[in-house]
Amino acid sequence: MTGRIIDAMSAPLSTPLPVVLAGARGHGRWHVENIRRLQKKGIVRLAGVCELTPLTEEELGDLGAPEQSADFGALLDSTGARIAVICTPIPTHTDLALTAAERGVHLLLEKPPAPSYAEFRRMADGVAAAGVVCQIGFQSLGSHALPAVRELIDRGAIGRLVGLGGAGAWVRDEDYFRRAPWAGKRRLNGVDVIDGALTNPLAHAVATALALGGSTRAEDVTGIETELLRANAIESDDTSCVRITTAQGHPVTVAATLCAEEADEPYVLVHGSTGRITFWYKQDRVLLQRAGHGPQESDHGRTDLLENLVAHLTTGADLLVPPDETGAFMKVVEAIRTAPDPAPLPDTAWRRIPEENRRVVPGIDGLVAAAADTLSLYSELGAPWAPEHLSNEVSTR
């Protein structure tokens, strides 16, 4: 096996690189379209698709006729893939990543990279031992706004960094939690899943807030408080918040819900002693507000993570999101995994909108914003359904 990896790593890499996509439906459709875009640019070539049910000619369109199989390892072998994009159920990430790594195949691994810190370390250590490159799919970390905001912080544009808040108020109907057997689950058949608001759909809010504060590695996190709740009839949390204590000395508080009254753009709020920066990370938009100046808004570009992985392999460009730079996020996942199961909200705390087939928590939009604004947990903001004893605190030292 070692010889195969050495041969794979020493061979010159030139575009277009052959790619195998594992998981091409659901969120995987986004990767299909992204690979289509990059194939037209001559950067990659879709060599294989790993799905239980093959993609149709209509789904593939101008992507040609890639080999299709439900056997991931065999598909990597037969196609000569140099990159695997893994967008499969969360509990499968580690084993599939290691299957690729054993064959010398580089990786773009969807977030969250694993359902537990132990599985994350097994994946990251195995990939490192194999000598292959792994990019974790936090697309927001490819935004050019991140270095721009960090530069503002470093030059004291908002004074001393006080803390960071994240806010995500999203709308998801009840069918969202039935989209796959693992959806809305903390565990399935005895295996960790941890599909919650902060660990999956709004995971970018957590990872981006940590990145802007320079707290990306596991050792940067010293303590975590969680408040996990659910309005829907699921196992996982759909309304939750977390406060992270960092070695850098500034707290990171992120609040999220999938039961918003109105869907809003998620954002990260950087608090300084003389100003603040708001970063709408899906829009790559930044607002700087500071004492003695008018508000300044700026829009930024974004580097696609698969494109960056190809550039890293072919030209030596810096890799944007290697596994160890998501260690702090995985400490948050672990704290949520080991916390008590999310508490069901009382019937009086939510209402159902039948025509939209979804549940809403009245007032949650304001609470999510207030948590990011004040770096407070729901219980500290006086939410009647979040009593103080709900908070769970763990030390990561």
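Residues numbered from 1 in each chain as written. Predicted model: local features only at pLDDT ≥ 70, side-chain atom pairs only at ≥ 80, totals over all residues. Heavy atoms only, no water.

Visitor: What is the right way to look at the side chain of Thr 246 in this model?
Guide: Along the polypeptide, Thr 246 turns up in strand β11 (residues 239-246). Residue class for Thr 246 comes out buried when judged on its relative accessible area of 5%. Sequence-distant contacts of Thr 246, defined by excluding residues within four places in its chain, comprise Ser 215, Asp 220, Thr 222 and Val 252. (Helix = DSSP H or I, 4+ residues; strand = E, 2+ residues; numbered from the N terminus. Buried < 20%, exposed > 50% of the residue type's maximum accessible area, 1.4 Å probe, protein only. Contact = heavy atoms within 4.5 Å.)

Visitor: Where do I start with the domain arrangement of the chain in this structure?
Guide: One frequently used descriptor of interface size is the decrease in accessible area upon assembly of the parts. Structurally, the chain comprises domain 1 (17-139) and domain 2 (144-301 + 322-395). Averaged C-alpha coordinates put domain 1 and domain 2 at centres separated by 28 Å. At the junction of the two partners, domain 1 supplies 20 residues and domain 2 supplies 24 residues. Roughly 1700 Å² is buried in total at the junction of domain 1 and domain 2, and carbon and sulfur atoms are behind 71% of that figure. On the domain 1 side of the interface with domain 2, the three residues burying the most area are Pro 115, Tyr 117 and Phe 138, jointly 34% of the side's total. The interface formed by domain 1 and domain 2 contains one salt bridge. The salt bridge partner of Asp 324 is Arg 121, with a shortest N-O separation of 3.3 Å. (Domains from an automatic or database assignment. Buried area = accessible area lost by both parts, 1.4 Å probe. Salt bridge = Lys/Arg side-chain N within 4 Å of Asp/Glu carboxyl O.)

Visitor: Help me understand the pattern of salt bridges, please; the structure alone is not making it clear to me.
Guide: Between side chains of opposite charge, a pair can form when the charged atoms approach closely. Counted by the stated rule, this structure contains 32 salt bridges. With its nearest N and O atoms 2.8 Å apart, the salt bridge here joins Arg 178 to Asp 175. The network of salt bridges with common partners includes Arg 121, Asp 125, Arg 217, Glu 219, Asp 324 and Glu 325.

Visitor: In this structure, what is going on with the sheet that holds strand β3 (residues 67-69)? I would like to understand it.
Guide: Adjacent strands of a sheet form backbone hydrogen bonds with each other and so pair up, either parallel or antiparallel. With parallel pairing, the six strands of this open sheet are ordered in space as β3-β2-β1-β4-β5-β6. Unpaired on one side and paired on the other, β3 and β6 (134-137) mark the two borders of the sheet. Ignoring strand direction, the axes of neighbouring strands in this sheet form an average angle of 20°. Each of β4 (83-86) and β5 (106-110) is contacted by helix α5 (residues 93-102), which is oriented at about 170° to β5, the strand it contacts most. (Pairing = 2+ DSSP bridges. Axes fitted to C-alpha atoms, helices over the stretch in contact; angles between N-to-C directions.)

Visitor: Sorry if this is basic, but what is going on with unusual backbone geometry here?
Guide: The phi torsion of most residues other than glycine is negative, and most of the peptide bonds are trans. Cis geometry marks the peptide bond from Thr 15 to Pro 16, where omega comes out at 0°. Tracing the sequence through the fold places Pro 16 in the loop between α1 (2-10) and β1 (17-22). The phi dihedral of Asn 189 is positive, around 55°, even though this residue is not glycine. You can call Asn 189 exposed: its relative accessible area is 74%. Non-glycine residue Asn 357 carries a positive phi angle of around 55°. With respect to the helices and strands, the residue Asn 357 is situated in the loop between β18 (351-353) and β19 (358-360). Overall, the relative accessible area of 19% leaves Asn 357 in the buried class.

Visitor: Would you explain the pairing of strand β14 (residues 275-280) in this entry?
Guide: It is a general feature of regular strands that their side chains alternate between the two faces of the sheet. Across the six residues of β14, five count as buried, placing the element largely inside the fold. With four bridges joining them, strand β13 (residues 267-272) and β14 adopt antiparallel strand pairing. By the bridge assignment for β14, Val 268 is matched with Phe 279. Connecting the antiparallel pair β13 and β14 is a turn made up of two residues. Where β14 and strand β15 (residues 285-290) come together, six bridges link them in antiparallel fashion. Counterpart to Gly 275 in the pairing with β15 is Arg 290. What sits between the antiparallel neighbours β14 and β15 is a turn of four residues, in which Asp 284 has the positive phi angle 55°.

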